[in-house]
Amino acid sequence: MRRLADNERTLRHEMWRRYEGNDWAAFDALPAAIRKRVAAHAYDAWSVNVMMLWQHYKRLYGRTTRAERALIRYLDYCERLEREAFASRYSEAYGVVLPHDAACVSVLR
């Protein structure tokens, strides 16, 4: 379900489900390394979703550095999927390659 008050203008709502909750409380409860990665995400990483993922990874690995690295790798993967979807949609809409991809540059953080 899409919130009425958000300013999301990308196609992310077509790709993912955004869970409801207090974004700031979820962000503050994340380990420092994950908060740093979430803050650097090219898009709003949806802190409540990340908290749910963090709880899953803690169950798998315990509250360890390994769990943090695994979640950060997963967030990197999700960001790549989002960028690829955006680039594909951009290409369909305008008939040219996304300028960042054409220039072979990375995401600006």
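In this text, all values refer to a predicted model and were calculated from it rather than measured experimentally.

Undergrad: Can you tell me about the overall build of the protein chain, naming the residues and giving the values?
TA: Across its full length, the protein chain carries six helices and zero strands. Counting helices and strands in the order they occur from the N terminus, the protein chain gives α-α-α-α-α-α. Across the 109 residues of the protein chain, 32% fall into the buried class. Long-range pairs, those at least 24 residues apart, make up 54% of the contacts in the protein chain between residues at least 6 apart in sequence. Just so you have it, the protein chain exposes about 7300 Å², and 55% of that area is on carbon and sulfur atoms.

Undergrad: Could you give an account of helix α4 (residues 47–61), naming the residues involved and the relevant values?
TA: Compared with the 21 Å implied by 1.5 Å per residue over 15 residues, the 20 Å span of α4 between its first and last C-alpha is a close match. Of the positions making up α4, those classed as buried are Ser47, Val48, Asn49, Val50, Met51, Trp54 and Tyr57. Against the buried residues of α4 lie α2 (23–29), α3 (32–40) and α5 (65–94). Backbone geometry just downstream of α4 places Gly62 in the positive-phi region, at approximately 85°.

Undergrad: Now, about the side chain of Asn49: what can you tell me, with residues and values included?
TA: As for its position among the elements, Asn49 is in helix α4. Of the polar contacts made by the side chain of Asn49, one reaches the backbone oxygen of Arg17; its length is 2.7 Å. Not counting residues within four places of it along the chain, the set of residues in contact with Asn49 comprises Arg17, Arg18 and Tyr19.

Undergrad: Can you tell me about the nonpolar core, naming the residues and giving the values?
TA: Membership of the largest hydrophobic core comes to 15 residues, with the highest contact counts inside it found for Leu30, Ile34, Val38, Val50, Trp54 and Leu71. Contributing elements (two or more residues each) for this core: α2, α3, α4 and α5. The greatest single-element share of this core, amounting to five residues, is contributed by α4. Among all residues touching Ile34, those that are not within four sequence positions of it are Val50, Trp54, Glu68, Leu71, Ile72 and Leu75.

Undergrad: I'd like to hear about the environment of Asn22, residue by residue, with values.
TA: The residue Asn22 is located in the loop between α1 (12–15) and α2 in this model. Engagement of the side chain of Asn22 in a polar contact is seen with the backbone nitrogen of Trp24, the distance being 3.0 Å. One polar contact links the side chain of Asn22 to the main-chain amide nitrogen of Ala25, over a distance of 2.9 Å.

What counts, and where the lines are drawn
- Residues numbered from 1 in each chain as written.
- Predicted model: local features only at pLDDT ≥ 70, side-chain atom pairs only at ≥ 80, totals over all residues.
- Heavy atoms only, no water.
- Helix = DSSP H or I, 4+ residues; strand = E, 2+ residues; numbered from the N terminus.
- Buried < 20%, exposed > 50% of the residue type's maximum accessible area, 1.4 Å probe, protein only.
- Contact = heavy atoms within 4.5 Å.
- Areas by Shrake-Rupley, 256 points an atom, 1.4 Å probe, with all protein chains shown as cover.
- Expected span 1.5 Å × (residues − 1).
- Polar contact = N/O pair within 3.5 Å; in protein donor to acceptor, adjacent residues only side chain to side chain.
- Core = buried A, V, L, I, M, F, W, Y, C linked by side-chain atoms within 4.5 Å.

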